[in-house]
Every structure is written in structure tokens, then in C-alpha cells.
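Listed below are the residues making up each chain.
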Amino acid sequence: MLAQRALPESAYVGPVPMIRSLAPSHAMPEESLVLTLSWEGAHLYRNADEKLEELSDGAFPVTFSQLIAPRDPEAQLQYRSHASSGDGSGQQVAVYHGQGDGEGKIEADRTNYLARLGDLVAREIYNRDVCLVMVGTEEVLGEFESVCDVEPTLRVHVSPDGLDRNGLAERVQAGMRDYLSQLQSELSQQCSDADSAGHFTTDSSQIVAAALQGRIKCLLYRDDAKLLGSVDAETMGMQPADGEDAMDLVNLAAVHTLRNGGEIYRIQAEETLVESMAAILRY
């Protein structure tokens, strides 16, 4: 899995994999992909440091005409019918009505275009932990998602044809800020509701024990959280440890939370949602 941010080089030897740094963050991602989509074509950008860099060394940019070959206009002549002239002579008159099939053909071509475009996008994000932002009108994005399995992190409903690079970057950043603000507000409310029900804790020893028991629904921990020690196999109690016997207990809790179907999220150090670790418990 390709991470969505740069990771420091390190070596780790232990009984469980080191995955704590790979967890998704509730803050603005360091990098994301931005797909602009219209009926004329699509562009893909790398979004970093609030700047957009167009990716042009792969399948993108791509136009409608590159994915869908134009139809042969002569084929329209195949659609004709014969009718009596109405003057009693019995003379047959050819009536061409290719135009009557035009709307259906346009719809079919557009569906085919979006399906092929979905395949290209899926290849770009395959096996990548990436934030995907899609920019387009409600009509285009709605049709796109109805014919392919690509699920964006964020949708920005605006026509990209009328935006320059700076305008596009501003709309994307504004949309991401609103999205993350809403996400953090919802998470804060979930923690508050769980606390009211007695299913929320910030006690590190309780969190580690609950993770080993499969009781954690959602684990939150700060980037700079440090908790070294060992765990008693029988009591699941946490004990201090140094040297080779010391384990990263934050990572241990993260691993067992995932193993038991829970979710894990990193919280940046400057956020005040948690001081070190917090957990929403199933029971």
C-alpha cells in the first residue's frame, strides 16, 4: 500500500507489524489527487502545499474523443422507411430519420466514456491510500459514479471549464477545509456520545487491554504519543519495560483494533481532541 504522505525511514523488529504511522489522519492530508471531469475530457492533478501540479506522464489528461471514436456519419443513411406518397400512385418515398436515434447514441457514448474513464482513475488510485477529490457538475459526477466503482473522498460541484489553475486550487482547498471541519465535528460528537454512555476512555492501560479483547470500535492517538512497556498475557495489564522487552503499546493497540474490525485514526500533535490516546468502546 502506497501511503498518502512521506514516511521517515526506519527499521522495526517486534511481534506485530508497525502500522501506527500508516493510519489515516483527521487533518489535511499532505498530498491528494484532484480529478477534474467534464463531458469534453478529464485532468488529474497532484495537490500538495495548496498547489496543483498536473500529472501528464500517464493516462491523463484524456479527452472524450480519445476514449470514444466518432461514429461514421454514413451509418445514419441506414435508418430509413418507406411510405406511400398519398396521391394514389403507389410511389414509395424514402424517409431518413437518423436524427431520431441521435439522443440515444449520445447517451450511450457518454456512458461508455465515463466507464472507460472510471477504469483509468481506478488504475491511478489502485493500492494507494489517497484522498481523491473530484471536481465537476452534479450531473457529470452523478453519472460518473453511477457507472463505475470509484468512490471519492470529496466532491466539489463546479464546472472545471470555467476555472483557471489558481481558481481550481482555491475551490479544492476550501472544499477540503469544510469537509475536514465537518469530519472532526462528527468525531468529537461521537466521542461525547460514547462518553455519556460509558463507552469512552482515555486511560492508556484500559485502552491496551480493550484492544487485546477486541472491544475497541475506534482508536484515536496523536502522532507524538509514546507508550513503551509490556503486557501481561494473563491479566492483560500494562507493565513498564526497557530495552529489548519494551514494545510500542500505541502500535500494539492499533494492530489489535484493526484485527478485530475497529478503526484507527492519527490526530496531529497540535489538535486538542485527545492528549495521547482515546478509544470509543463497543461495550
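Thresholds, definitions, all that
- Residues numbered from 1 in each chain as written.
- Predicted model: local features only at pLDDT ≥ 70, side-chain atom pairs only at ≥ 80, totals over all residues.
- Heavy atoms only, no water.
- Helix = DSSP H or I, 4+ residues; strand = E, 2+ residues; numbered from the N terminus.
- Buried < 20%, exposed > 50% of the residue type's maximum accessible area, 1.4 Å probe, protein only.
- Contact = heavy atoms within 4.5 Å.
- Polar contact = N/O pair within 3.5 Å; in protein donor to acceptor, adjacent residues only side chain to side chain.
- Pairing = 2+ DSSP bridges.
- Axes fitted to C-alpha atoms, helices over the stretch in contact; angles between N-to-C directions.

**Student:** Describe the environment of asparagine 260, and please don't skip the residues or the numbers.
**Tutor:** Within the element layout of this structure, asparagine 260 appears in the loop between helix 6 (249-259) and strand 14 (263-267). Overall, asparagine 260 belongs to the partly exposed group, its relative accessible area being 36%. For the pair formed by asparagine 260 and glycine 214, sequence separation is 46 residues and the distance between their alpha carbons is 5.3 Å. Those residues within four positions of asparagine 260 in sequence are excluded, and the remaining contacts are Ala211, Gly214 and Arg282. A polar side-chain atom of asparagine 260 sits 2.7 Å from the main-chain carbonyl oxygen of histidine 256.

**Student:** Please set out the pairing of strand 2 (residues 41-48) residue by residue, giving values where relevant.
**Tutor:** Judged by how many residues are buried, strand 2 sits mostly within the fold: six of eight residues are covered. Inspection of the sheet shows strand 1 (residues 31-37) paired to strand 2 by seven bridges, in the antiparallel sense. When the bridges of strand 2 are listed, threonine 36 appears paired with histidine 43. Hairpin connection between strand 1 and strand 2: a loop of three residues separates the two successive antiparallel strands.

**Student:** Which residues make up the side chain of aspartate 109, and what are the values?
**Tutor:** By secondary structure assignment, the location of aspartate 109 is in helix 2 (residues 102-125). Judged by its relative accessible area of 16%, aspartate 109 falls in the buried class. Not counting residues within four places of it along the chain, the set of residues in contact with aspartate 109 comprises Phe64, Ile68 and Arg71.

**Student:** Quick one: what's the story with the sheet that holds strand 9 (residues 200-201), residue by residue and with numbers?
**Tutor:** Strand order across the open sheet formed by four strands is 9-15-10-14, with mixed pairing between neighbours. Each edge of the open sheet is held by one strand with a lone partner, namely strand 9 and strand 14. Across two bridges, strand 9 lies against strand 15 (residues 277-281) in antiparallel orientation. Residue threonine 201 lies in a different strand from strand 15, and its bridge partner there is alanine 279. Against the sheet, helix 5 (residues 204-212) contacts strand 9, strand 10 (216-222) and strand 15, and its axis sits at roughly 50° relative to strand 15.

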